[in-house]
Amino acid sequence: MLDDTRARKKKKKAVIAILIDALGWELVKKYKVFSDIADYRTGLKTILGFSSSAVPTVLSGVSGDKMELWNSVYYSPQTSPYKWLKRFEWVPEPLKENRYSRFLIRQFSRRMAKHRGYFSDFAIPVKYLPQFDLCEKRNIYSPGGLIGNQSIFDDLERIQKKYKVYSYVQGASDEHIFSKVNNDIINSTSDVFYLYLCQLDAFLHAHVNEPEKVKQKIRWYERQVTNLVENAQNHYCNIVIHIFSDHGMVPIKSTVDMITTIQELGFIEGKDYAVMYDSTMARFWFMNGKCRNAITQKLFELEYGNIVSDTILKEEGAFFEDRRFGEIIFLMQPGTLICPSYMSYAPVPGMHGFSPDDPDMEASYLSNVVPNVQPRHIRDIKRTVLNTI
Ligand SMILES: [Zn+2]
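Computed from a prediction, not measured in an experiment: that's the story for all the values here.

What counts and what doesn't
Residues numbered from 1 in each chain as written. Predicted model: local features only at pLDDT ≥ 70, side-chain atom pairs only at ≥ 80, totals over all residues. Heavy atoms only, no water. Donors = N, O, S within 2.8 Å, 3.2 Å for Na, K, Ca; no water. Tetrahedral: all angles 85-135°; square planar, octahedral: opposite > 155°, others 65-115°. Helix = DSSP H or I, 4+ residues; strand = E, 2+ residues; numbered from the N terminus. Buried < 20%, exposed > 50% of the residue type's maximum accessible area, 1.4 Å probe, protein only. Contact = heavy atoms within 4.5 Å. Domains from an automatic or database assignment. Buried area = accessible area lost by both parts, 1.4 Å probe. Salt bridge = Lys/Arg side-chain N within 4 Å of Asp/Glu carboxyl O. Phe/Tyr/Trp six-rings, centres within 6.5 Å; stacked < 30°, edge-to-face > 60°. Lys NZ or Arg CZ within 6 Å of the ring centre and 35° of its normal. Axes fitted to C-alpha atoms, helices over the stretch in contact; angles between N-to-C directions. Parallel < 35°, antiparallel > 145°, perpendicular 65-115°, else oblique. Nonpolar A, V, L, I, M, F, W, Y, C, P; charged D, E, K, R; others polar.

### A look at the coordination of the zinc ion
At step 1: In this structure, Asp201 (OD), Asp201 (OD), His205 (NE2) and His352 (NE2) serve as the protein donors to the zinc ion, at separations of 2.0 to 2.3 Å.
At step 2: Angles of 57 to 148 degrees at the metal separate the four donor atoms of the zinc ion, which places the site in the irregular class.
At step 3: In terms of primary sequence, the donors binding the zinc ion are separated according to D-x3-H-x146-H. On the criterion of sequence distance, the pair formed by Asp201 in helix α9 (residues 199–207) and His352 in the loop between β15 (350–351) and β16 (363–367) is long-range, its members being 151 residues apart.

Spelled out as structure tokens, the structure:
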């Protein structure tokens, strides 16, 4: 009798969707993580690119080329928020290329361009900044966050579901997010709880090669999710849990100084060509045919990577007709990093952004219910979650 009364007081159904950035399928298999919570487990193919397009793909179910976004930086001198810097070309390099001036340049450029959201110049040399624009990022964890596209939050609004979203955007750590959700599970009337947890990604970039530390970190997430599910079981009759990621993490085995290799060809960067050295790819734009031929020839000779064909770019949802993200995209072999690059000065033990076919790049999907249609790609996550609501 007492049990019946308690059961009647419980809310009906909670759908808990947890995006754990960089929780790769290899990691899930190796540590058998979440095995008590989620019987259904599969690897998912990720996209070619970084979190800047992988997370929006998870949220929207469409590829970067359909959302007009891909890597953070693209060639566009006309719209560059840094174009005002061209008037200061006469200023000696050391005066511009230091922490303080970079900070001021970033603040001023952001204000001039009225850029909202994330804004970074990474490690792009100041003299090349006026060539580049940045994909503007709104808060993608809210309705209307993906320009011209429907994210799962737009769908939840449309079907008038009560939901709550948690991410670092509100300044919360993963630990803080778990404690907030546990509180809301008790006190709110929401049916859907969507968590984006970003800190495993940063941890794996730094520690992917340290199995004991990785194991401890993964077990911490497992404990938090287990507590969350137990808490939810006390307050809801039916719990559906989805745990998934946007990509995996590849251990770095070697680095190459590609910048010097290209500079040794003797062409002038900024005049003959422009290049963005992301850590796992080099993206080139050319101002003359001679330079294009020489650099293309050199790229064919380099054994540590390959030029990505248009066919592959189209297959991977990363083909842009106007080539704003690169006339030629050179992708490194998994495990080899361009270092230094225009993304960072120092090497890191782990990186993603390699070929989506590499096993360490594979993302994961785990659930306590078997989906109607098996998800195979991170594009399928939105549909899979919505089908349970
Ligand atoms: Zn990352």
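### Things to note about helix α3 (residues 51–60)
Since there are 3.6 residues in each turn of an α-helix, residues three or four apart along the chain are aligned in direction.
At step 1: Buried residues dominate α3, accounting for nine of its ten residues.
At step 2: On its buried face, α3 is in contact with β1 (11–20), α4 (64–67), α7 (152–158), β6 (192–197), β7 (236–244) and α14 (381–386).

### Observations concerning the domain arrangement of the chain
At step 1: For the chain, the assigned domains read domain 1 (11–65 + 139–249 + 358–386), domain 2 (75–127) and domain 3 (253–347).
At step 2: Computed over C-alpha atoms only, the centres of domain 1 and domain 3 are separated by 32 Å.
At step 3: Facing the nine residues of domain 1 at the interface are 13 residues of domain 3.
At step 4: With both sides pooled, the region where domain 1 packs onto domain 3 buries about 880 Å², and carbon together with sulfur makes up 65% of that total.
At step 5: Contact with domain 3 buries area across many residues of domain 1, yet Leu48, Phe50 and Asp65 alone supply 67% of it, more than any other trio.
At step 6: For Lys45, the salt bridge is made with Glu316, and the minimal N-O distance between the two is 3.1 Å.

### What to know about the packing of aromatic side chains
At step 1: Summed over the entire model, instances satisfying the criterion amount to 20 aromatic pairs.
At step 2: An aromatic cluster of three or more residues is present, and its members are Tyr128, Tyr277, Phe284, Phe286 and Tyr342.
At step 3: Sitting over the ring of Trp220, Lys217 keeps its end group 5.8 Å from the ring centre.
At step 4: One Lys or Arg, Lys314, reaches over the ring of Phe319 and ends 4.6 Å from the middle of that ring.

### Here we look at the packing of helix α8 (residues 174–187) against helix α10 (residues 211–235)
At step 1: In the contact formed by α8 and α10, the axes pass within 9 Å of each other and the chain directions differ by 10 degrees. Overall, the two elements α8 and α10 adopt an arrangement that is roughly parallel. Note on element contacts: α10 touches α8 through Trp220, Tyr221, Gln224, Val225, Asn227, Leu228, Asn231, Ala232 and His235, opposite Asp174, Glu175, Phe178, Val181, Asn182, Ile185 and Ile186.
At step 2: Grouping the constituent residues of the contact of α8 with α10 by class yields nine nonpolar, five polar and two charged.

### Structural notes on the pattern of salt bridges
At step 1: Under the defined criterion, the tally for this structure stands at 14 salt bridges.
At step 2: Where Lys382 meets Asp155, a salt bridge forms, and the shortest distance between an N and an O atom there is 2.7 Å. With a gap of 227 residues between them, Lys382 in helix α14 and Asp155 in helix α7 connect regions that are remote in the sequence. In this pair, the class of Lys382 matches that of Asp155, namely buried.
At step 3: Residues joined by salt bridges that share partners form a network here, namely Lys45, Glu316 and Asp357.

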